[in-house]
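# Structural characterization, general
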Amino acid sequence: MKGQLTLMFLLVSWWLTAQDQGKSFTLDECLNYALQNAVNVKNAKLDEEIATSRVKETVGIGLPQINGSVGLQYNPTLQRFFAQYNSQNPGFGISEQQAATLGIQDGDVYAAENFFQLQAAGDASVGINQLIFSGSYFVGLQASNAYKELSIRNSNLTKEDVVLNVSQAYYNLLITKERLALVKANLRRIDTLYRNTKALKDNGFAEKIDVDRLKVTVNNLRVEQSSMENLLEISRRILKLQMNFPSKDNLTIKGDISELAFEKVNVPDEDNWSYSQRADYMVMESNRTLQQLNIKNKYAEALPTISAFANLGMSTQSPTFTGLFSTQADFQEIDAAGPDSWYGYSAVGLSLNWSIFTGLQRSHQIQQQKLELRKIENGFEAMEQNIDLELDRSSMNLKNAIERLEVQKDNMALAGEIYDISKIKYEAGVGSNLEVIEADTSLKEAQTNYYNALYDAIIAQLQLKKALGILYN
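Residues numbered from 1 in each chain as written. Predicted model: local features only at pLDDT ≥ 70, side-chain atom pairs only at ≥ 80, totals over all residues. Heavy atoms only, no water.

### Observations concerning unusual backbone geometry
Glycine aside, negative phi is the norm for most residues, and most peptide bonds take the trans geometry. The phi torsion at N244 lies on the positive side, around 60°, for a residue other than glycine. Along the chain, N244 turns up in the loop between α6 (208-243) and β6 (251-253). Judged by its relative accessible area of 33%, N244 falls in the partly exposed class. (Helix = DSSP H or I, 4+ residues; strand = E, 2+ residues; numbered from the N terminus. Buried < 20%, exposed > 50% of the residue type's maximum accessible area, 1.4 Å probe, protein only.)

### A look at the packing of α6 against helix α9 (residues 433-468)
In the contact formed by α6 and α9, the axes pass within 9 Å of each other and the chain directions differ by 15°. For the element pair α6 / α9, the angle class is roughly parallel. Regarding α6 and α9, the two cross each other, and that crossing is left-handed. Of α9, the residues touching α6 (which contributes D210, R213, L214, T217, L221 and E224) are N433, L434, I437, D440 and K444. In terms of residue class, the contact of α6 with α9 is built from four nonpolar, two polar and five charged. (Axes fitted to C-alpha atoms, helices over the stretch in contact; angles between N-to-C directions. Parallel < 35°, antiparallel > 145°, perpendicular 65-115°, else oblique. Left-handed = near helix turned anticlockwise from the far one by under 90°. Contact = heavy atoms within 4.5 Å. Nonpolar A, V, L, I, M, F, W, Y, C, P; charged D, E, K, R; others polar.)

### Side note on the pattern of salt bridges
Taken as a whole, this structure holds 16 salt bridges when the rule is applied. Among the salt bridges present, the one from E149 reaches R153, with a minimum N-O distance of 3.1 Å. In this pair, E149 and R153 both sit in helix α5 (residues 135-202), four residues apart, roughly one turn of the helix. On the basis of relative accessibility, which here comes to 34%, the residue E149 falls in the partly exposed class. Overall, R153 belongs to the buried group, its relative accessible area being 18%. A salt bridge links E435 to K425, with the shortest nitrogen-to-oxygen separation between them at 3.4 Å. Here E435 is found in helix α9, whereas its partner K425 is found in helix α8 (residues 361-427), with ten residues between them in sequence. Overall, the relative accessible area of 26% leaves E435 in the partly exposed class. Residue K425 is classed as partly exposed on the basis of its relative accessible area of 30%. (Salt bridge = Lys/Arg side-chain N within 4 Å of Asp/Glu carboxyl O.)

### Regarding the confidence of the model for the chain
Low-pLDDT stretches of the model should not have their predicted coordinates read in fine detail. Averaged over all residues, the pLDDT of the chain is 86; the fraction at 70 or higher stands at 89%. Looking at the elements of the chain, mean pLDDT is at its lowest for helix α1 (residues 2-21), recorded as 45, and at its highest for helix α2 (residues 27-37), recorded as 95. Note that residues 4-21 has pLDDT below 50 and, in this model, four contacts with residues that lie over four places away or in other chains. (pLDDT = per-residue confidence, 0-100.)

### Points about the packing of α2 against helix α3 (residues 39-61)
At their nearest, the axes of α2 and α3 sit 5 Å apart, and the two run at 50° to each other. If you check the angle between α2 and α3, you find them oblique. Here α2 contributes A34, L35, Q36 and N37 to the contact with α3, which in turn contributes V39, V41, K42 and K45. Considering only residue class, the contact of α2 with α3 consists of four nonpolar, two polar and two charged.

This is the structure in structure tokens:
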């Protein structure tokens, strides 16, 4: 029993340790997760499905449309039949004898029972309509496909934004993680020096002011470590948010700053690159296509619409409502068609609808749509100028950022050497404690500058790829 409890305890401890470690992601794994789970990406995929369904809906308009209807009606009181009496032609509903009895003379209006209709009536019919020609329908098919293409391009634009945001959050977390490791290393180094100096002071070989100076530096590093740990947690939450990762689950990342390599990203010439590689530019192209189809549709509305139709049905009447459901007629059949009380009818034909004159409304509508198209064309000109500026700026920013990174990298190495020399001199008794502290301050400043320059270079590279339209393919 004791052995089983021990085994269970070990299994639970192993499971809790695994849970604490959480999931570890590389940059590519973060991006893949985000592209599957980010809310904006999910909505963009739903928009694609909606667009696909809309294409099928539009196609369905050209298929045969079948409608069916069944109606049963009972009239307790039928409307009267009104007529003007003419003795030469008495008409329906009254005889000469009835007219004489009632005192009706020529020209009098009389009301008689409606003998053309019984109290109960039933009708069941099926109508089939097939569109043969419609200019708007064919334009609508083109527009639905263009709308689907627009949804795909909008989805790519959304994914590009997600890739940029997740990459920035990932690198920010990675750099913050490295900075925290450096702060801890600095704290261990200065704390060791502080303890050694305190021991020297206790033995009379160092002054109290030297110990106090190092103590202040140790305290400041501990505060900095605490701040950096909080910043690390915030950076982790930002990455979770961009990935739509469960906030309660632990997330760790894999990667090393030393493995980061800045590939040379050059702005290509006009022969090897076009604006259409940009996701936002392609979205505008889709909007232009849709606007051109709007104009085309306005012209198509002037064409006739031709449809074929067929109506099939059966009807009956009865003096009682229950008689509608009888299989035998309640009256003598004049045409002797059969014993059933329901009689069929049918009709087939063609219909043509043509809007011949609309009071110049269509021409003005077309003019409005053409003006809207001109606005989109003007938008292309402005976007191309902005893209050119963005390419120049992001390319220059990356070049300057890499140059600053190299300088800060050298400065950090030099600051480290200066600190090591100052420490050796101090421990050998030929240097001052203040010199070590100043060297440590310079080293921390150089480290901070290096990581700031590193992050700026990473962001500049991402921005240039986005400007070229190669951030997400």
